[in-house]
Amino acid sequence: MAGKVFFSVTMSLDGFIAPESLEDLMGQQWMELQQWIFPQRFLRENLKLGEGGEEGRDNDIVRETFERTGASVMGKRMFDAGEQAWPEEAPFHTPVFVVTHEKRDPWERPGGTTFHFVNDGIEPALDQAREAARDRDVRIAGGGATILEYVNAGLIDEFSIALSPVLFGSGIRLFEGVDAGRVALEPVRAEPSPRVTHLTYTVRER
C-alpha cells in the first residue's frame, strides 16, 4: 500500500470551492468556477457527453488525476449532491467510501463504481480506501469539510488546486478552520494554462 493520499479541487481566487447551499451547486457561479474542466476531452468521454473536446495540459491533468486514483473518500454532503447529479454510470469507476452516520448497504453503479458507507469516522474510511486502492492513490474527493478533517488529522500527503479566475464572495472556503500551527506546505509545481493555474503542494507536519 504505497499510494499517496491527496485531494484535487478547483478554487476561486478568494478561496472558495463551492456555494454554501446544495441547491446552488450546479448553478451559474459554480459552473463559472468549473468552466475549465467541462470542455476537456477526457471528462467528456468519462461522462459520456459525446466525442471531441479540448486536448492539452488541462486535459492531461484531468486524465492523470483520474488514472492515479484507486479509490475515493467523500463526505455525506458531497454524496447527497452527487447522488442527484451524477449520471447512472457514476464518474469514479473505482470504490468510493462515504463518511456518514447513515447505515446503508453498498450501492453498486454501472461502470465499476461502488459506494460503501462508513459509519465509524474518517480514519476507518481511509483504511478501507487504501486497501481497495492497493498501490494506487486515494483521493479525498470532498466536500470542503471532509477535506479539512483529513488535513487537520495529518492524513494528506499532497494536494492540487486549479485556481480559477472567479470571485465567489461567500460559500465554502477550502481552508476555513485549518490547523495552521500543525500543517506546513512545500511547493511542488505551478502550471499556468489558458483557463486556470494548477498549484501542487506536498503536506508535512510542522
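Residues numbered from 1 in each chain as written. Predicted model: local features only at pLDDT ≥ 70, side-chain atom pairs only at ≥ 80, totals over all residues. Heavy atoms only, no water.

The chain carries the name Dihydrofolate reductase family protein in an unreviewed UniProt entry, which gives Streptomyces maoxianensis as its organism.

With that out of the way, let us pick up unusual backbone geometry. With an omega dihedral of -10°, the bond running from Gly-142 to Gly-143 counts as a cis peptide bond. The residue Gly-143 is located in the loop between β7 (137–142) and α6 (144–152) in this model. With phi around 60°, His-93 is a residue other than glycine that occupies positive phi space. Its place among the elements puts His-93 in the loop between α4 (76–85) and β4 (95–99). Positioned with a positive phi, Arg-134 is a non-glycine residue whose angle comes to about 60°. Considering the arrangement of structural elements, one finds Arg-134 in the loop between α5 (122–133) and β7. (Helix = DSSP H or I, 4+ residues; strand = E, 2+ residues; numbered from the N terminus.)

One pass over the full model with this rule turns up 14 aromatic pairs. Geometrically, the ring pair formed by Trp-30 and Phe-38 is edge-to-face, given 6.2 Å between the ring centres and 65° between the ring planes. Relative to Phe-66, the ring of Phe-42 lies with its centre 5.2 Å away and its plane at 55°, an arrangement referred to as tilted. One end of the pair, Phe-42, is in helix α2 (residues 41–46); the other, Phe-66, is in helix α3 (residues 57–68), with 24 residues separating them in the sequence. These aromatic residues form a ring-pair network of at least three members: Phe-79, Trp-86, Phe-92, Trp-107, Phe-115 and Phe-117. The lysine or arginine in question, Arg-68, covers the ring of Phe-6, its NZ or CZ lying 3.8 Å from the ring centre. Its end group placed over the ring of Trp-107, Arg-104 keeps NZ or CZ at 5.3 Å from the ring centre. (Phe/Tyr/Trp six-rings, centres within 6.5 Å; stacked < 30°, edge-to-face > 60°. Lys NZ or Arg CZ within 6 Å of the ring centre and 35° of its normal.)

Okay, the pattern of salt bridges next. In the structure shown here, the tally under the stated rule is 17 salt bridges. One salt bridge connects Glu-158 with Lys-4, and the closest N-O pair in it is separated by 3.1 Å. In this pair, Glu-158 is assigned in strand β8 (residues 158–164) and Lys-4 in the segment before β1 (5–12), connecting sequence segments 154 residues apart. Since its relative accessible area comes to 8%, Glu-158 is described here as buried. Overall, the relative accessible area of 39% leaves Lys-4 in the partly exposed class. (Salt bridge = Lys/Arg side-chain N within 4 Å of Asp/Glu carboxyl O. Buried < 20%, exposed > 50% of the residue type's maximum accessible area, 1.4 Å probe, protein only.)

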